Every structure is written in structure tokens, then in C-alpha cells.
Amino acid sequence: MKTDADRIRQVGSKFQVHGRFLRAFPIGRGHINDTFAADYDYGGRTVRFVHQTINHHVFPNPVAVMENIDRVTRHKRALLAEREDTEAGRKSLTVIPKLDGKLYYQDGDGVYWRTYIFIDRATTFDTIETLEQAETVAGAYGRFQNLLVDLPGKRLHETIPDFHHARKRFDRLMKVVEDDPMNRAASVRDAIQFVQDREDVVDVLLDLISKGELPDRITHNDTKLNNVMIDDATGEAICVVDLDTVMPGSVLYDFGDMVRTATSPALEDERDLSKVKMQLPMFEALVKGYWEAAKDFLTPVERDHLAFSGKLLCLMIGMRFLTDHIEGDVYFKTHREDHNLDRARNQFKLVSSIEEQADRMDSAVRDLCV
Ligand SMILES: Nc1ncnc2c1ncn2[C@@H]1O[C@H](COP(=O)(O)OP(=O)(O)O)[C@@H](O)[C@H]1O
Ligand SMILES: [Mg+2]
């Protein structure tokens with residue numbers, strides 16, 4: 001068996017990394033990719049790079065993924081350099097191409113690899129615990145979107161088509177309920193009814209998009225805390241990573257997913273639903289951080305749907321968990337019986353909690369976004 005170090009040394013040798021390989025070790029605890037840091041000796045100076053696999057089960061077209069990432073990171077760095085930001089190199093990922101100029105390397109096992117410059121003196125954290133963290137993270141994603149509003153050239157690749165197409169997610173759930181391959185639908189009637197009672201929610205943003213009232217922008221689509229590198233010295237967000245899902249879409253999908261993942265104190269699969277709730281102060285912190293970074297480009301329609309976007313994202317992910325439960329747990333990994341059902345109920349509880357507080361959330365947006 002090849003050791004990690006041998007494997008990484010071999011991968012590294014394919015890229016435009018010209019130092020002498022010293023060592024490699026795994027970093028991050030991502031669920032999607034395997035990530036390694038590797039040190040190289042550049043004539044007495046140690047330079048660190050990141051070698052990372054691209055999960056081609058989740059991303060059927062790794063080439064398109066890398067084209068998106070390369071365009072986005074180049075544009076960001078150019079804008080930051082234009083502003084004479086001395087930290088431009090740390091504020092964006094930098095793709096290191098293969099020796100032949102390709103953006104990725106496919107090894108003998110068919111695994112796709114890419115290489116980035118390592119962002120040093122920065123750390124990622126797993127769970128949002130404080131209001132300050134929520135504000136910082138929302139600001140980081142707002143700035144990320146802001147730097148990309150004017151990306152020139154053709155539309156980015158939609159690497160996961162219809163990722164946030166709530167209507168298609170709804171229709172798919174109804175189809176699975178009808179087929180009911182595991183005979184599970186009857187036992188989850190209440191959850192299905194919960195979704196059906198909210199059918200109108202799924203079309204709200206799609207209608208605005210088709211009427212041209214909601215701009216098509218560039219969004220991150222995985223706006224978790226552990227995709228934001230926090231500067232060790234200043235405690236500020238320095239760089240957003242994990243750009244696999246960067247795609248065209250509405251910025252509300254990013255904001256909504258922050259509301260979904262950051263405002264509840266409970267884990268996504270918590271069964272004690274009394275612990276699952278949208279905490280208004282967390283929401284306000286997200287709005288504050290996001291507005292500060294995004295106010296230059298956000299339209300009134302986008303601003304007016306910030307609170308709504310949280311409800312939509314919780315409903316949408318809840319529908320996906322419920323679909324998977326009824327279908328027999330084919331997509332999301334499960335670690336216990338009814339795991340996907342627990343996750344779905346958890347999301348639906350958040351939907352209810354947001355509905356109960358919708359007026360207060362909207363008035364927080366009106367107060368804070370001025
Ligand atoms: N260029 C980089 N410099 C330093 N650390 C990185 C870099 N890229 C990723 N990481 C670290 O590795 C972790 C996992 O990488 P990520 O791209 O988020 O993969 P996953 O899709 O598995 O979450 C990140 O949370 C971050 O801590
Ligand atoms: Mg990640």
C-alpha cells in the first residue's frame with residue numbers, strides 16, 4: 001500500500017510546484033473532498049501547498065468545476081490587486097496548474113486532483129457559537145459575492161443543474177410519494193402534508209427570476225462557517241474556500257442557507273425538536289454582517305426577501321431529506337434508522353419557527369438594512 005506521503009509526492013510532482021517535496025499531512029475534516037497540505041523546499045525556504053481530490057460522484061464534471069474556480073479566483077485576485085490590497089494573495093484561493101497547464105490532474109485510479117497555494121496563519125471553525133462569528137461569516141460571503149458581481153465573460157457552468165430549483169425538488173418529492181418504493185409514505189403523511197401546505201413557497205423566487213426581477217449572480221452555495229478562513233492574528237475572515245459549488249444563481253440562496261445553518265442552536269439531525277429554533281439575535285447578526293458587505297449591490301427585491309430566503313432553504317433541504325427517506329436513503333449517508341426523516345423534521349421545525357417570527361425578522365431587516 002502506498003502511504004499518504006508517497007501518494008501526495010506523486011500527485012505534487014504533476015503540478016507546477018518546483019520545490020523539493022518534504023512532507024504531507026491531511027488537513028480539514030470536509031465530508032466531500034480529501035485535503036492534504038504538502039511542504040516543499042524552495043532553496044532553503046519551505047513553501048506549503050494544498051493538494052485536494054475533487055469528488056466526481058458529487059460533481060460529475062470536474063473540468064467545469066475547475067474552470068469556474070479558476071475564473072472566479074483570478075477575478076477576485078485581480079480586483080484585490082487593483083485596490084492595492086497587500087493581502088490579495090491570502091484573500092483568494094490560487095489554483096496552481098499542472099505542468100501542461102491543465103487545472104487538474106487525474107491519477108491512475110481515476111481520481112481528480114487540484115493544487116492551491118496554502119493560506120497560512122488562518123484557521124477554520126466548525127460551528128457558529130457567537131453573534132460575532134455569525135456577523136463575520138455573513139460578511140465574508142457578502143464580500144465574496146460582491147467581488148464577483150462584475151465577472152466578465154460567459155455565464156459560469158451550472159455544475160449541479162437545478163441545485164436550488166425548489167419547484168423541481170417539490171415535484172420530485174411528490175413523484176417519490178406516489179411511487180413509494182419502500183412503503184414508507186403512509187407513516188410520514190404529516191410531513192408530506194407539511195410540505196404540501198407550503199407549496200406556494202417553492203415558486204416565489206423562481207417566479208421573480210423568470211420575470212427578471214431577481215438578478216442572476218455568482219454564489220458560493222456552501223456557506224458554512226468551516227469554509228471561511230479566519231485570520232489567526234486579527235480574528236477577521238480572510239478568505240472563503242471550498243469553491244466547488246460556485247455557480248450562477250440568486251444571492252438569496254447563499255443567505256438563506258446561512259439562516260438555515262447558523263441560527264439554530266441544535267445539530268441538523270437533533271431529534272429533540274424543542275431545541276430546534278431560529279434565534280432572532282443570530283439572524284440579526286447575519287443580516288448586519290451581510291448587509292455591510294453587500295449593500296452596494298443588493299437590490300430592494302433581494303433585500304426584501306432575506307428573511308424569506310431562510311424559510312425557503314429550510315423547506316427545500318427538508319424536502320430533500322424527506323424524499324431520500326421515502327426513497328430508501330439513497331443519497332444522504334445515514335447512521336441510524338430514520339436518520340433522514342429526523343433531519344427532515346428538524347428542517348420543518350425550523351420552517352415553523354421562522355414562520356412564527358417572520359414579522360420580527362422582516363422588521364429587523366428593515367431596521368438594519370438602511
Ligand atoms: N488553500 C487552503 N489553504 C489552507 N487551508 C485550506 C485550503 N483549502 C482548504 N483548506 C482547509 O481544508 C478544509 C477542507 O477543505 P474544503 O475545500 O472546504 O473541502 P470540503 O469540500 O471537504 O469541505 C477547509 O475547511 C480548510 O480548513
Ligand atoms: Mg468545506
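Predicted model only: the values in this text are computed from it and were never measured.

1. What about the domain arrangement of the chain?
Structurally, the chain comprises domain 1 (4-120) and domain 2 (131-368). Taken over C-alpha atoms, the centre of domain 1 sits 28 Å from the centre of domain 2. Facing the 17 residues of domain 1 at the interface are 15 residues of domain 2.

2. Some thoughts on the pairing of strand β9 (residues 228-231)
Along any regular strand, the residues point their side chains to alternate faces of the sheet. Strand direction decides the pairing type here: strand β7 (residues 122-123) and β9, joined by two bridges, are antiparallel. Directly across from Ala-122, in β9, lies its bridge partner Asp-231. Examined bridge by bridge, β9 and strand β10 (residues 237-240) share three bridges and lie antiparallel to one another. Of the residues in β10, the one forming a bridge with Met-229 is Cys-239. Hairpin connection of β9 to β10: five residues between the antiparallel strands, including Gly-235 at a positive phi of 75°.

3. Topic: the sheet that holds β7
Taken in spatial order, the three strands of this open sheet run β7-β9-β10, and their pairing is antiparallel. Here the strands that pair on one side only, and so sit at the sheet edges, are β7 and β10. Its contacts with the sheet place helix α3 (residues 131-147) against β9 and β10, and it is angled at close to 50° to β10.

4. Some remarks on the packing of helix α7 (residues 251-262) against helix α10 (residues 306-327)
Following both chains from N to C, one finds α7 and α10 inclined at 75°, their axes separated by 7 Å at the closest point. As the angle between them shows, α7 and α10 are arranged roughly perpendicular. Contacts from Leu-252, Tyr-253, Phe-255, Gly-256, Asp-257, Val-259 and Arg-260 of α7 reach α10 at Leu-306, Ser-309, Gly-310, Leu-312, Leu-313, Cys-314 and Ile-317. The residue inventory of the contact of α7 with α10, partitioned by class, reads nine nonpolar, three polar and two charged.

5. Quick word on the environment of Pro-152
Inspection of the secondary structure puts Pro-152 in the loop between α3 and α4 (166-179). Placed 82 residues apart in sequence, Pro-152 and Asp-70 show a C-alpha to C-alpha distance of 13 Å.

6. Examining α10
An α-helical turn contains 3.6 residues, so a residue and the one three or four places further along point in the same direction. Under the 1.5 Å per step criterion, the end-to-end length of α10 is 32 Å for 22 residues, consistent within 8% with the ideal 32 Å. Most of α10 sits inside the fold, with 21 of its 22 residues counted as buried.

7. Considerations on the nonpolar core
Counting 94 residues, the largest nonpolar core has Ala-134, Val-137, Met-258, Phe-283, Leu-286 and Leu-322 as its most contacted members. Sorting elements by how many residues they give to this core places α10 first, with 13 residues. Both domains that furnish three or more residues to this core are identified here as domain 1 (4-120) and domain 2 (131-368). Beyond its immediate sequence surroundings of up to four residues, Val-137 is in contact with Ile-128, Leu-225, Val-228, Ala-237, Met-258 and Gly-289.

8. Structural notes on the pairing of strand β2 (residues 35-42)
The sheet contact formed by strand β1 (residues 20-26) and β2 spans six bridges and is antiparallel. The partner of Arg-20 across the bridge, within β2, is Asp-41. With eight bridges joining them, β2 and strand β3 (residues 45-54) adopt antiparallel strand pairing. Bridge pairing in β3 links Tyr-40 to Val-47. Hairpin remark: β2 followed by β3, antiparallel, with two residues in the connecting loop; positive phi at Gly-43, about 55°.

Thresholds applied
- Residues numbered from 1 in each chain as written.
- Chains lettered and ligands numbered in written order.
- Predicted model: local features only at pLDDT ≥ 70, side-chain atom pairs only at ≥ 80, totals over all residues.
- Domains from an automatic or database assignment.
- Contact = placed C-beta atoms within 7 Å.
- Pairing = 2+ DSSP bridges.
- Helix = DSSP H or I, 4+ residues; strand = E, 2+ residues; numbered from the N terminus.
- Axes fitted to C-alpha atoms, helices over the stretch in contact; angles between N-to-C directions.
- Parallel < 35°, antiparallel > 145°, perpendicular 65-115°, else oblique.
- Nonpolar A, V, L, I, M, F, W, Y, C, P; charged D, E, K, R; others polar.
- Expected span 1.5 Å × (residues − 1).
- Buried ≥ 20, exposed ≤ 12 C-beta atoms within 10 Å, placed from the backbone.
- Core = buried A, V, L, I, M, F, W, Y, C linked by C-beta atoms within 7 Å.

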